[in-house]
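So the chains spell out like this:
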2 protein chains.
Amino acid sequence: MVSTHEILRNLVSDLWNKYTRHEFVERLRDGSLPMDVFRYYLIQDTKYVKEMQKAVIKAASKAPLNEAIDVLTAVFSNVERGAEVHERLFRDLSITEDEVNNTGFNLVNYAYTRHLYYYASLGWPQFLAAWAPCMWGYHEIGRYVVGTRNELFNVWAGFYASNEYWSRVEAILRALDKYEVTPDMERAFRDSVNFEIMFWEASLRRDPTVLY
Amino acid sequence: MVSTHEILRNLVSDLWNKYTRHEFVERLRDGSLPMDVFRYYLIQDTKYVKEMQKAVIKAASKAPLNEAIDVLTAVFSNVERGAEVHERLFRDLSITEDEVNNTGFNLVNYAYTRHLYYYASLGWPQFLAAWAPCMWGYHEIGRYVVGTRNELFNVWAGFYASNEYWSRVEAILRALDKYEVTPDMERAFRDSVNFEIMFWEASLRRDPTVLY
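Residues numbered from 1 in each chain as written. Chains lettered and ligands numbered in written order. Predicted model: local features only at pLDDT ≥ 70, side-chain atom pairs only at ≥ 80, totals over all residues. Heavy atoms only, no water.

**Quick notes on the relation of the copies chain B and chain A**
Here comes step 1: For the pair chain B and chain A, the relating rotation is 180 degrees, the translation along its axis is 0.0 Å, and the fit reaches an RMSD of 0.0 Å. Here the transformation between the copies is reduced to the relation of a two-fold axis.
Here comes step 2: A high fraction, 100%, of the interface residues of chain B reappear at the interface in chain A, so the copies pair face to face through one surface. (Least-squares fit on C-alpha atoms with pLDDT ≥ 70 in both. Contact = heavy atoms within 4.5 Å.)

Encoded structure:
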């Protein structure tokens, strides 16, 4: 039997490829991504992650208790590991917390995070479907990029490629697999994959960041 | 300077003593608590904990993200430890999950858990004040009871007396201390201490359990 997360991905397999093999990803891998683009991306991603985490807790408050605890512990238990990687990247690129807070969202990032809040308000399975592309896709991307000749890109990819990160993804896919795919879930998943593609593109273009 | 959690406790010090040195507690300590009362209590407590955990996640969805993550990880990261202790007690007393699910709440338990949901809907500091007496008081009680000649009571108390349990309490008190006491918080804290006292009394009386 095909699991819910596999069904969702199979429904959007072309888009999934565009997301995980995007020009942005290829240039992380071959080391040719300009550092100012990576820096721009990292700030937007940091802003994204904070909103995503708030949306996770909001959605978990509507989940069956055992699933909520499983997912929350998987995602938040070793946040230090991700924080360490971020600190290293922030230090090397001279990014401060203040700069992150004083930088706005680009339109794609703002729309994507509001989309996560929207599905968190709709319900737990809908949220899981909206959330999975970001978590799951980054693991694939991390594994694809790891080994790149650029040391910073390699630190970045190493985190997402790690078993520790994969255990977070697994908890989400495990929760998702308890539910049958609905039209809402399919829409949430597909739109999130589209948002991930647009996120790369907005970063390559370094879109204006005016939304707070 | 006196911390928020100390201020709250000092405001209700007589009640706090009634709670943590209640006849129920003294009889756990001297081993004279009838086993059918303990069994009744454990089932009610298990039902309470599930509702409490749901209220925690609900309240955390309104908290500043760093506090939410700090508290959620502290409380949920080692749930297995508490689960093991519970399993041991459940096995020895022949309590099954089905029995817990098919037993209703007594009125005190129902009122107490709805009170937690109510404060979770009001806001994070209010919820922390409502929640602290249960978590914090049980650590004191655990330390007071541990060493009792009754082996089951000792297993029970050992869990609450542990450093692992204390680290959960600390996260809650640390979050609470970021806020100044408000009338809402004082009321929430005081009522919860009263509920804890009533919880012991309802257990000693083995009140009817008709609410679902």
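**Quick look at the packing of helix α9 (residues 124-145) of chain B against helix α12 (residues 183-205) of chain B**
Residues and elements named next belong to chain B.
Here comes step 1: Between α9 and α12, the least distance of the axes is 8 Å, while the angle of their chain directions is 40 degrees. It follows from the interaxial angle that α9 and α12 lie oblique. Between α9 and α12 lies a crossing whose hand is right-handed. Of α12, the residues touching α9 (which contributes P125, Q126, A129, A130, A132, P133, C134, W136, Y138 and I141) are D184, M185, A188, F189, S192, V193, E196 and W200.
Here comes step 2: In terms of residue class, the contact of α9 with α12 is made up of 14 nonpolar, 2 polar and 2 charged. (Axes fitted to C-alpha atoms, helices over the stretch in contact; angles between N-to-C directions. Helix = DSSP H or I, 4+ residues; strand = E, 2+ residues; numbered from the N terminus. Parallel < 35°, antiparallel > 145°, perpendicular 65-115°, else oblique. Left-handed = near helix turned anticlockwise from the far one by under 90°. Nonpolar A, V, L, I, M, F, W, Y, C, P; charged D, E, K, R; others polar.)

**Focus on the nonpolar core**
Here comes step 1: One finds F38, W131 and W156 of chain A together with F38, W131 and W156 of chain B to be the most contacted residues of the largest nonpolar core, which totals 153 residues.
Here comes step 2: Those residues in contact with W156 of chain B, other than ones at most four positions away along the chain, are L28, F38, Y41, L42, V85, L89, Y138, I141 and W200 of chain B. (Core = buried A, V, L, I, M, F, W, Y, C linked by side-chain atoms within 4.5 Å. Buried < 20%, exposed > 50% of the residue type's maximum accessible area, 1.4 Å probe, protein only.)

**Quick look at the packing of aromatic side chains**
Here comes step 1: A full pass over the atoms with the stated rule returns 48 aromatic pairs over all chains.
Here comes step 2: Over the face of the ring belonging to Y144 of chain A we find R29 of chain A, whose NZ or CZ atom lies 3.9 Å from the ring centre.
Here comes step 3: We note R114 of chain B situated over the ring of Y110 of chain B; from NZ or CZ to the ring centre the distance is 4.3 Å. (Phe/Tyr/Trp six-rings, centres within 6.5 Å; stacked < 30°, edge-to-face > 60°. Lys NZ or Arg CZ within 6 Å of the ring centre and 35° of its normal.)

**With respect to the confidence of the model for chain A**
Here comes step 1: On average, residues of chain A score 96 in pLDDT, and 100% of them reach the 70 mark or higher.
Here comes step 2: Interface confidence in the predicted complex, given as ipTM, is 0.78; pTM for the same model is 0.87. (pLDDT = per-residue confidence, 0-100.)

**Topic: the interface of chain B and chain A**
Here comes step 1: Between chain B and chain A, the residue contacts involve 15 residues of the former and 15 residues of the latter.
Here comes step 2: Summing both partners gives a buried area of about 1200 Å² for chain B against chain A, and 86% of it is carried by carbon and sulfur.
Here comes step 3: Counting every contact that joins chain B to chain A gives 0 salt bridges.
Here comes step 4: Elements supplying a minimum of two residues to the side of chain B that touches chain A: α4 (35-60) and α5 (65-76) of chain B.
Here comes step 5: Each residue belonging to the side of chain B that touches chain A can be placed in one class, and the counts come to 8 nonpolar, 4 polar and 3 charged. (Buried area = accessible area lost by both parts, 1.4 Å probe. Salt bridge = Lys/Arg side-chain N within 4 Å of Asp/Glu carboxyl O.)

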